Amino acid sequence: RGAHRTAMLGAFSLSALFLISYVLYHLTSDSTLFGDLDHNGIVSDAEKAEAGAMRGVYLVILLSHIFLAALIMPFILVTLSRALTARFDKHRKIARITWPLWLYVAITGVVVYFMIAPYYP
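It should be emphasised that the depicted structure is a prediction, and the values quoted were computed from it without experimental measurement. (Residues numbered from 1 in each chain as written. Predicted model: local features only at pLDDT ≥ 70, side-chain atom pairs only at ≥ 80, totals over all residues. Heavy atoms only, no water.)

A.B. asks: Looking at this structure, how should I read the packing of aromatic side chains?
C.D. replies: Where two aromatic rings form a pair, the distance of their centres and the angle of their planes describe that pair. Per the stated rule, a full pass over the model turns up five aromatic pairs. When the ring of F34 is compared with that of Y58, the centres are 4.5 Å apart and the planes differ by 15°; the resulting orientation is stacked. With F34 in the loop between α1 (2–28) and α2 (45–51) and Y58 in helix α3 (residues 53–84), this pair connects stretches of sequence that are 24 residues apart. Residue F34 shares its accessibility class with Y58, and that shared class is buried. Measuring from centroid to centroid gives 6.2 Å for Y113 and Y120, while their planes differ by 40°, and the two rings are tilted. Taken together, the aromatic side chains of F34, Y58 and Y119 make up a single cluster linked through ring pairs. The residue whose ring lies beneath R1 is F88, and the NZ or CZ to ring-centre distance is 4.1 Å. (Phe/Tyr/Trp six-rings, centres within 6.5 Å; stacked < 30°, edge-to-face > 60°. Helix = DSSP H or I, 4+ residues; strand = E, 2+ residues; numbered from the N terminus. Buried < 20%, exposed > 50% of the residue type's maximum accessible area, 1.4 Å probe, protein only. Lys NZ or Arg CZ within 6 Å of the ring centre and 35° of its normal.)

A.B. asks: Please clarify how the environment of I76 should be interpreted in this entry.
C.D. replies: Here I76 lies in helix α3. Through-space distance from the C-alpha of I76 to that of H26 is 23 Å; in sequence the pair is 50 residues apart.

A.B. asks: How should I be thinking about the side chain of H65 in this particular structure?
C.D. replies: Take H65: it is sitting in helix α3. The class for H65 is buried, based on a relative accessible area of 17%.

A.B. asks: Help me understand the nonpolar core, please; the structure alone is not making it clear to me.
C.D. replies: The tendency in soluble globular proteins is for nonpolar side chains to be buried side by side. Counting residues in each nonpolar core, the largest one holds nine residues, listed as F34, A51, Y58, I61, L62, V112, M115, I116 and Y119. Elements with a minimum of two residues in this core: α3 and α4 (88–116). Formed by five residues, the second largest nonpolar core is a distinct cluster that contains L68, I72, I76 and V105. (Core = buried A, V, L, I, M, F, W, Y, C linked by side-chain atoms within 4.5 Å.)

A.B. asks: Can you walk me through α4 in this structure?
C.D. replies: Given 3.6 residues per turn, any residue in an α-helix points the same way as the ones three and four places further on. With 29 residues, α4 ought to run about 42 Å at 1.5 Å a step, and its terminal C-alpha atoms sit 40 Å apart, in line with that. Along its length, α4 reaches its greatest deviation from straightness, about 40°, at A95. Of the positions making up α4, those classed as buried are H91, I94, T98, W102, V105, T108, V112, M115 and I116. As for α4, its buried residues are in contact with α1 and α3. (Expected span 1.5 Å × (residues − 1). Bend = angle between axes of the 7 residues up to and from the residue. Contact = heavy atoms within 4.5 Å.)

Structure (structure tokens):
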């Protein structure tokens, strides 16, 4: 139980630090658009054609990531609070929902990053 607690508090702390750095970065930087090969902030029809179906795949992954990232926040906080207050039966029940969603958000975040990385100026 101690190792699980340490790992989960570490994961929560790293996730919180990442979220803070991500928000600060996006407050201070221009957006990058998938398919914007000439980095002018506009994805032309030719650039859309070049990106092909991968643009649609990217947008589906991105939108599911954004939606679930917003949705998961209260689940994470409730799961954490139930663990810290030793209400383990309730913690286990909500963690069964929280963990797969959190994992999906973490994995799709990395996938989105690697998919858009070629378009960074």
